[in-house]
2 protein chains.
Amino acid sequence: MKQITGGVCAAQGFKAAGVHCGIRKNQTKRDLALIVSDCPASAAAVYTTNLVKGAPLLVTKEHLADGKAQAILCNSGNANTCNADGPQIAKEMCQLAADQLGIVPEDVAVASTGVIGQPLNLAPIAAGMAPLAADLGYDNSLHAAMAIMTTDTIAKEAAVEFTLGGKTCHLGGIAKGSGMIHPNMATMLVFLTTDAAISSELLHKALSTDVQSTFNMVSVDGDTSTNDMVVILANGLAGNAPVTEENEEFAVFMKALNTVTMQLCRMLAGDGEGATRLLECRVQGAPDLATARTVAKAVICSSLVKAAMFGADANWGRVLCAIGYSGAAVDVQKVDVAFASAAGRIEVCKDGAGIPFSEEYAKEILLKDEIEIQVNLHMGEAESTAWGCDLTYDYVKINGDYRT
Amino acid sequence: MKQITGGVCAAQGFKAAGVHCGIRKNQTKRDLALIVSDCPASAAAVYTTNLVKGAPLLVTKEHLADGKAQAILCNSGNANTCNADGPQIAKEMCQLAADQLGIVPEDVAVASTGVIGQPLNLAPIAAGMAPLAADLGYDNSLHAAMAIMTTDTIAKEAAVEFTLGGKTCHLGGIAKGSGMIHPNMATMLVFLTTDAAISSELLHKALSTDVQSTFNMVSVDGDTSTNDMVVILANGLAGNAPVTEENEEFAVFMKALNTVTMQLCRMLAGDGEGATRLLECRVQGAPDLATARTVAKAVICSSLVKAAMFGADANWGRVLCAIGYSGAAVDVQKVDVAFASAAGRIEVCKDGAGIPFSEEYAKEILLKDEIEIQVNLHMGEAESTAWGCDLTYDYVKINGDYRT
């Protein structure tokens, strides 16, 4: 497994593009992205569990029902959600892309991100389709990654190279997400591509399994978006014998997928709205996986823990408090807590009670950009990690007047 | 039902006191409170559902097991939670109060609020007991209300006068709470007193029923405290025939209780850490009470809704989003949303989709101190209200470095 560059274009036969078409007022901001495979691909997706679903999700779900797709079209600046004409607009977007690419609209996945409840004007998208197609290139992942950003401060790309049946394969992706992130079965917008050959069924199995330990373990603000979606296309151009059963090759594919998604998770959490720090909560010693995940997410989601981390304050009582209300059946008298970062590691709570520690050293550890909150429940062998970020003035600023 | 003053001393035979004993460094801040009934009283309490429970809660639970108590001792500045010697310290606090008052320690309820995981020094409490007793007075509710404050900016008192069996009764209380507020079966610290005669059993029934529609519907930051507790003492000095069954008099008592607790709820939410606005979410048209409550709390708890209200931004999409992930089985295509305040009312969403509205008028409405978010689910007759506050820079500031 080798880290490579190229994002959503790392895999053979995938072109990408991103242009400014005019949905956003800021003309320097790309707002329309396209990802295209040279040939039809196996496709799978997972969607937000929010009952309010963006119109593009409904249309994408319909189009991916046959397990096939060839292109992904995505705009930022408007979520096309809670609009009476939403589904119609989403369908017309697919038609526009299909016409441009000479494929059928049913092979287009569509996504939108941005403000909810404001009609999405089709005109700039229609006008932008030709420039978008002109921008398509085998090394333009970054353009697409930039075009799907909302309040993100950095474009998010990752990719790996791996081997299946003697053939060199690639898997890569781009992601956007900064606020309204608290996934529940899927998350944010993530587009993944691979040249590995794999059946739609196993592709879906791989994706839906992977998100449980990756994107579903990321929280920025506890708000599950209406437009979260993860889409993966596998075009088979690597030439491996297609993966059609859960054998060792499937395991290799899962590992490649997980390597990319884990990186994207860390990028998403670290770029959470207003964030100054990436927080990881690693829970060990849980009686089972569900407990480990519940505890890790509760700690990562606590506003008080997040604010304490912003202040580099080793207020471990808030960690214990979050574990206590997580809903997990934990023996709080057995819990150990430690903080770790590039500056070192410090134990602050043993058997559910405080122990003396150096506040100065703790401060030094917590002033780093990436902080690990380590929890040991001493009840078993299961473990889990969740990712989040600190709660800052800028989060409030960004979200106090988002629409204007 | 008449609003009166007097707080926890509004009822006959209740004295209160609050002094600075030295738990806090700031010598102008009272940090030790005492409430005493002239005679033994029926007593009931509800406690946080957090698995991590402050030591005082465990001791209070033990002391109230017989349904009787005569005094409540509470300190602020230190929660006496997650300390190895916590239970012992809490018991010794009861003993100190009992010795001072000439009663048995088992008739003392004890509470603590403040930082978690730092040992509570008994010395200042022991030294403060005599001054505390000297401060006891029949009109000193405010001293006690001030002594239990942490990050609260205002002392919280409420009281009513009502009639039971021809006798004039009173019920009043004090509350503290500003952060770490997301009650689950109980909340914050609330001490209630009444001179009505009522059995311990019915007193407990009244309290545990009432909190479900009052304190359990308040959220400041989604963090369920380890030390939340609501205690009520009923000393019977009003002379009414004791309420011992669920008759009309019990209903009158419930109404008196609810009037006081509702006022305290609004004060708690309005004084949430860093808050500039009190938010009320009123859900109507729900198929059942549980759905109404789930939806109301999800809206009130959403960080994005809270931040939008801070910015006076009519971003109703976030309200719909919160309803969608609340977990309630709602038909999102039927939902109406409106904002209301002293400046007027504006409808912003109809049948789950946006409708045109004046942004200027919406802004005017949302710039008031008290905002009502009105949701109609159009599915039935049940309704519920939840209280919260906006999310502000100051919340982050207060909680970024709470311990120092």
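Residues numbered from 1 in each chain as written. Chains lettered and ligands numbered in written order. Predicted model: local features only at pLDDT ≥ 70, side-chain atom pairs only at ≥ 80, totals over all residues. Heavy atoms only, no water.

Asks: So what exactly am I meant to see when it comes to the overall build of chain A here?
Replies: Along its length, chain A carries 11 helices and 15 strands. Its C-alpha atoms give chain A a radius of gyration of 21 Å, within 12% of the compact-globule value 22 Å for 404 residues. Principal axes of the C-alpha set define a box for chain A whose edges measure 70 × 50 × 35 Å. Taken over 404 residues, chain A has a buried fraction of 64%. In chain A, once contacts between residues fewer than 6 apart in sequence are set aside, the share between residues at least 24 apart is 80%. When the accessible surface of chain A is summed, it comes to about 13700 Å², and 51% of that surface belongs to carbon and sulfur atoms. Measuring between centres, the 29 positive side-chain charges of chain A sit 3 Å from its 44 negative side-chain charges. (Helix = DSSP H or I, 4+ residues; strand = E, 2+ residues; numbered from the N terminus. Rg over C-alpha atoms; globule rule 2.2 N^0.38 Å. Buried < 20%, exposed > 50% of the residue type's maximum accessible area, 1.4 Å probe, protein only. Contact = heavy atoms within 4.5 Å. Areas by Shrake-Rupley, 256 points an atom, 1.4 Å probe, with all protein chains shown as cover. Lys, Arg positive; Asp, Glu negative; His and termini not counted. Charge placed at Lys NZ, Arg CZ, Asp CG, Glu CD.)

Asks: Just checking my understanding: could you explain the domain arrangement of chain A for this structure?
Replies: When the parts of a complex come together, some accessible area is lost, and that lost area is often taken as the interface size. All names here are of chain A. Domain annotation of chain A identifies domain 1 (2–270) and domain 2 (278–400). Here the C-alpha centre of domain 2 lies 32 Å away from the C-alpha centre of domain 1. Taken residue by residue, the interface counts 17 residues in domain 1 and 17 residues in domain 2. Interface of domain 1 and domain 2: buried area, both sides summed, is about 1400 Å²; carbon and sulfur atoms make up 59% of it. (Domains from an automatic or database assignment. Buried area = accessible area lost by both parts, 1.4 Å probe.)

Asks: Any chance you could explain the sheet that holds strand β10 (residues 278–286) of chain B here in plain terms?
Replies: Residues and elements named next belong to chain B. Here we have 6 strands laid out as an open sheet, ordered β13-β12-β11-β14-β10-β15, and mixed in their pairing. Across the chains shown, the open sheet's two edge strands, defined by having one partner strand only, are β13 (353–354) and β15 (382–389). Bridge analysis of strand β12 (residues 344–350) against β13 gives 2 bridges, and the strand direction is antiparallel. The residue of β13 that forms the bridge with K350 is A353. The sheet contacts of helix α6 (residues 248–270) involve β10, β14 (370–376) and β15, and relative to β15 the element is tilted by about 40°. Lying on the sheet, helix α10 (residues 359–366) is in contact with β11 (336–341), β12 and β14; it crosses β12 at an angle near 120°. (Pairing = 2+ DSSP bridges. Axes fitted to C-alpha atoms, helices over the stretch in contact; angles between N-to-C directions.)

Asks: Explain the interface of chain A and chain B to me, please; I cannot follow it from the model alone.
Replies: On the chain B side, the residues contacting the 53 residues of chain A number 54 residues. For the pairing of chain A and chain B, the buried interface totals around 4100 Å² over both sides, and the portion due to carbon and sulfur atoms is 59%. On inspection of chain A and its partner chain B, the count reaches 0 salt bridges. Applying the counting criterion to the chain A and chain B interface returns 12 residue pairs in polar contact (both at pLDDT 80 or more). (Salt bridge = Lys/Arg side-chain N within 4 Å of Asp/Glu carboxyl O. Polar contact = N/O pair within 3.5 Å; in protein donor to acceptor, adjacent residues only side chain to side chain.)

Asks: Before we go on, may I ask you to explain the packing of helix α7 (residues 289–301) of chain A against helix α9 (residues 316–325) of chain A in this structure?
Replies: Helices that pack against each other are described as a pair by the angle of their axes relative to one another and the distance between those axes. Residues and elements named next belong to chain A. At a closest axis distance of 8 Å, the pairing of α7 and α9 adopts a crossing angle of 130°. For the element pair α7 / α9, the angle class is oblique. Handedness of the α7/α9 crossing: right-handed. Residues V295, A298 and V299 of α7 pack against V319, A322, I323 and Y325 of α9. Its residues placed into classes, the contact of α7 with α9 shows 7 nonpolar, no polar and no charged. (Parallel < 35°, antiparallel > 145°, perpendicular 65-115°, else oblique. Left-handed = near helix turned anticlockwise from the far one by under 90°. Nonpolar A, V, L, I, M, F, W, Y, C, P; charged D, E, K, R; others polar.)

Asks: What is the right way to read unusual backbone geometry from this model?
Replies: Most peptide bonds are trans, and most residues other than glycine sit at a negative phi. All names here are of chain A. The backbone of C82 sits at a positive phi, close to 60°, despite the residue not being glycine. If you trace the backbone, C82 turns up in the loop between β4 (68–76) and α2 (86–101). When its relative accessible area of 11% is taken as the criterion, C82 is described as buried.

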